[in-house]
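What follows is each chain in one-letter form.
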Amino acid sequence: MADTQQVDEGTDARQAAKAGRVVARLAKQIGGFSKAHGGAEGQVAYLGERGARIVLVGADGGWGDLVAPSYAIAEQAVAKSGITVHEAFDGEFAAKVTTGPYEWTRMAGIQIGGPKNR
């Protein structure tokens, strides 16, 4: 049984180290987005087994997202990056997003008679 515990402890340490690297990488990407867009705010959404989606909205209205392997890792990454985190993507936060022709074509253009995406 002692041998099993040592293997488990080693595996746990490796998993924790890997999670720490993922958090650091995501936080760096969030920081880069924030710097490029004059600041940023975010929201973390649970995706089930897939993990969690970090939605980012820049001060200039630009937006993007990242996917983390777990909700806990996503929360750690946004905390480490120092951005403001919202509970939900609604109201004033959603109104900060600026959409352009690309988004309208991709999201709603076909339904409202816009050009077809090829």
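Preceding this section is the structure that the text describes.
Parameters at a glance
Residues numbered from 1 in each chain as written. Predicted model: local features only at pLDDT ≥ 70, side-chain atom pairs only at ≥ 80, totals over all residues. Heavy atoms only, no water. Buried < 20%, exposed > 50% of the residue type's maximum accessible area, 1.4 Å probe, protein only. Helix = DSSP H or I, 4+ residues; strand = E, 2+ residues; numbered from the N terminus. Pairing = 2+ DSSP bridges. Arc of directions from axis to C-beta. Contact = heavy atoms within 4.5 Å. Salt bridge = Lys/Arg side-chain N within 4 Å of Asp/Glu carboxyl O.

Novice: Whenever I open this one, the pairing of strand β3 (residues 63-68) confuses me. Can you help?
Specialist: For a regular strand, side chains alternate in direction, first toward one face of the sheet and then toward the other. Along β3, the buried face is formed by G64, L66 and A68; none of W63, D65 and V67, which line the opposite face, is buried. Bridge count for strand β2 (residues 52-58) against β3 is six bridges, and the pairing is antiparallel. Along β3, the bridge assignment pairs V55 with D65. Between β2 and β3, which pair antiparallel and follow one another directly, the connecting turn spans four residues, one of which, G61, has a positive phi of 95 degrees.

Novice: Which parts of the structure should I look at to understand the environment of T99?
Specialist: Considering the arrangement of structural elements, one finds T99 in the loop between α3 (91-95) and α4 (101-109). Judged by its relative accessible area of 35%, T99 falls in the partly exposed class.

Novice: What exactly am I supposed to notice about helix α2 (residues 71-81) here?
Specialist: Spacing of three or four residues puts side chains on the same side of an α-helix, whose turn is 3.6 residues. Among the residues of α2, I73, A74, A77 and V78 are the ones counted as buried. Viewed along the axis of α2, the buried residues span an arc of 130 degrees, placing them on a single side of the element. In α2, the exposed positions angled more than 90 degrees off the buried face are occupied by A79 and K80.

Novice: Got a minute to help me understand the side chain of Q43 in this structure?
Specialist: Within the secondary structure, Q43 is located in strand β1 (residues 40-46). Each residue touching Q43, except ones within four places of it in the same chain, is listed here: R53, I54, V55, V85, H86, E87, A88, F89 and F93.

Novice: I tried to follow the pattern of salt bridges on my own but got confused; where do I start?
Specialist: Side chains that differ in charge, positive against negative, can pair when their charged atoms come close. The full count for this structure, using the stated rule, is two salt bridges. Between E41 and K96 there is a salt bridge whose closest N-O contact spans 2.5 Å. You can see E41 sitting in strand β1 and its partner K96 sitting in the loop between α3 and α4, a full 55 residues away along the chain. We classify E41 as buried; its relative accessible area is 17%. Judged by its relative accessible area of 37%, K96 is partly exposed. Two residues, D65 and R53, come together in a salt bridge whose shortest N-O distance is 2.6 Å. Here D65, found in strand β3, pairs with R53, found in strand β2; they are 12 residues apart in sequence, far enough to count as distant.

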